[in-house]
Every structure is written in C-alpha cells, then in structure tokens.
Amino acid sequence: MAILKVLHFPDPRLRNKATIVKEIGPDIKEIAENMLDTMYAENGIGLAATQVNIQQRIVVIDISEEKNEPLILINPEITKLEGSESMREGCLSVPDYYDIVERAENIEFCYKTLDNELVTVNADGLLAVCVQHEIDHLDGKLFIDYLSLLKRQRLKKKIDKQEKQQQTVL
Ligand code: ZN
C-alpha cells in the first residue's frame, strides 16, 4: 500500500496526455492499487493516473457510500453520449473549489479490467459524471476548463494568494 502525491492545479503536469496501457501486468495492478489507496485516503470518488503523475490510461472510481465498490478502469473510452445534465463538481487536484459543470446525462463507456476483459457499461447520474471527469484528466483536461474565463481568473487569483501565504509561513 502506498499513498501517491496528488498534483494540484496549476501544475503543468496535469495537462499531460496519458498513453494507452499496452499490457496489463503486475506493474499496472500495483499502480491501480496505489491509486485506490490514494483516492480513499484523500476522500475522493475518482482518481485518474494523470493526477498522480503517471502518464497511463488508468482510472479508479468508487461512488458507493460504504466505499467498498472499487472500479478500476484500464483504457476507458466513452462510446456514446446523450442528453445533458448539470452537477456541482470538485476535484482532488483543485482543492476546496466546487462549481457546476454541464456534461452528458447518459453515457456508454468501455474499459479493460485488470484481468484483461473488455467491459461495456451504461451509466447515468453520478457515475456518468465521474467517468467523464476522470477521462478528461487522462486527456489533460480539468473541470474548471468548462467554467467562464472570469471564474477561472478568480480561481487563479485565489490560488496565487494561497501560495503566497504558504510561503510567508516558511
Ligand atoms: Zn478531478
């Protein structure tokens, strides 16, 4: 078990594009386990490899109340998008910031399991939002990219201020 360091916006490494996992070997299993440990430790419901500075297409999700239904998605891909829905989102890489994002309401997505099986799933609600949010991470995209320029500028100012305050504490 290992807790990985989660990158925070505006770290440029969050803009990296993850590459396809070619072979699901023990190294990928270990990364997925560590990502789950990290997600649970940080109280998140989803984590993409990009957020822990690993450039491979791996996502972990657990939207259950009891936090006992982990989903590990290798090479996840959205195959259908339908409707639209607005939900308040947050992100482990953008701490203490939440905002409404519009996304597709119903999706179909496929992924490979750690046993190399191809699975196709239809999802709506929180799972659909979460999968779209996490796959965006693998493509170097953050939920705040969907916000207006004004909101993003305000957020940037807030973060710059926090960073300055942290420096003064030293
Ligand atoms: Zn996120």
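Just above sits the structure.
Please read these numbers as outputs of a predicted model, since none were measured by experiment.

Draft legend 1. Examining the nonpolar core more closely. If you look at the biggest cluster of nonpolar residues, it comprises 19 residues, and the most contacted ones within it are Ile28, Met35, Leu47, Ile58 and Ile74. Where this core is concerned, the elements lending two or more residues are α1 (26-41), β2 (58-61) and β3 (71-82). No other element matches the six residues that α1 contributes to this core. Apart from residues lying up to four places away in sequence, isoleucine 28 is in contact with Val21, Glu23, Gln56, Ile58, Ile74 and Leu114. With 16 residues, the next largest nonpolar core counts Ala18, Ala48, Val59 and Ala104 among its residues.

Draft legend 2. A look at the coordination of the zinc ion. Taken together, Cys91 (SG), His133 (NE2) and His137 (NE2) make up the protein donors of the zinc ion, found 2.1 to 2.2 Å from the metal. Of note, the donors binding the zinc ion are all from one chain and are spaced C-x41-H-x3-H. Residue cysteine 91 is found in strand β4 (residues 85-91), and its partner histidine 137 is found in helix α2 (residues 125-138); the two are separated by 46 residues along the sequence.

Draft legend 3. Quick peek at the pattern of salt bridges. Enumeration according to the criterion identifies eight salt bridges in this entry. Residue lysine 80 is joined to glutamate 108 by a salt bridge in which the shortest nitrogen-to-oxygen separation is 3.7 Å. Placement of lysine 80 in strand β3 and of glutamate 108 in strand β6 (residues 106-112) is noted, with a sequence separation of 28 residues between them. Among the ionic contacts, a cluster of salt bridges with common partners joins Glu89, Arg103 and Asp136.

Draft legend 4. Main features of the pairing of β3. Pairing between β2 and β3: four bridges, direction antiparallel. Residue pairing for β3: valine 59 is matched across the bridge by leucine 73. Where β3 meets β6, six bridges bridge the pair, whose relative direction is antiparallel. For glutamate 82, the partnering residue across the bridge sits in β6 and is asparagine 106.

Thresholds applied
Residues numbered from 1 in each chain as written. Predicted model: local features only at pLDDT ≥ 70, side-chain atom pairs only at ≥ 80, totals over all residues. Heavy atoms only, no water. Core = buried A, V, L, I, M, F, W, Y, C linked by side-chain atoms within 4.5 Å. Buried < 20%, exposed > 50% of the residue type's maximum accessible area, 1.4 Å probe, protein only. Helix = DSSP H or I, 4+ residues; strand = E, 2+ residues; numbered from the N terminus. Contact = heavy atoms within 4.5 Å. Donors = N, O, S within 2.8 Å, 3.2 Å for Na, K, Ca; no water. Salt bridge = Lys/Arg side-chain N within 4 Å of Asp/Glu carboxyl O. Pairing = 2+ DSSP bridges.

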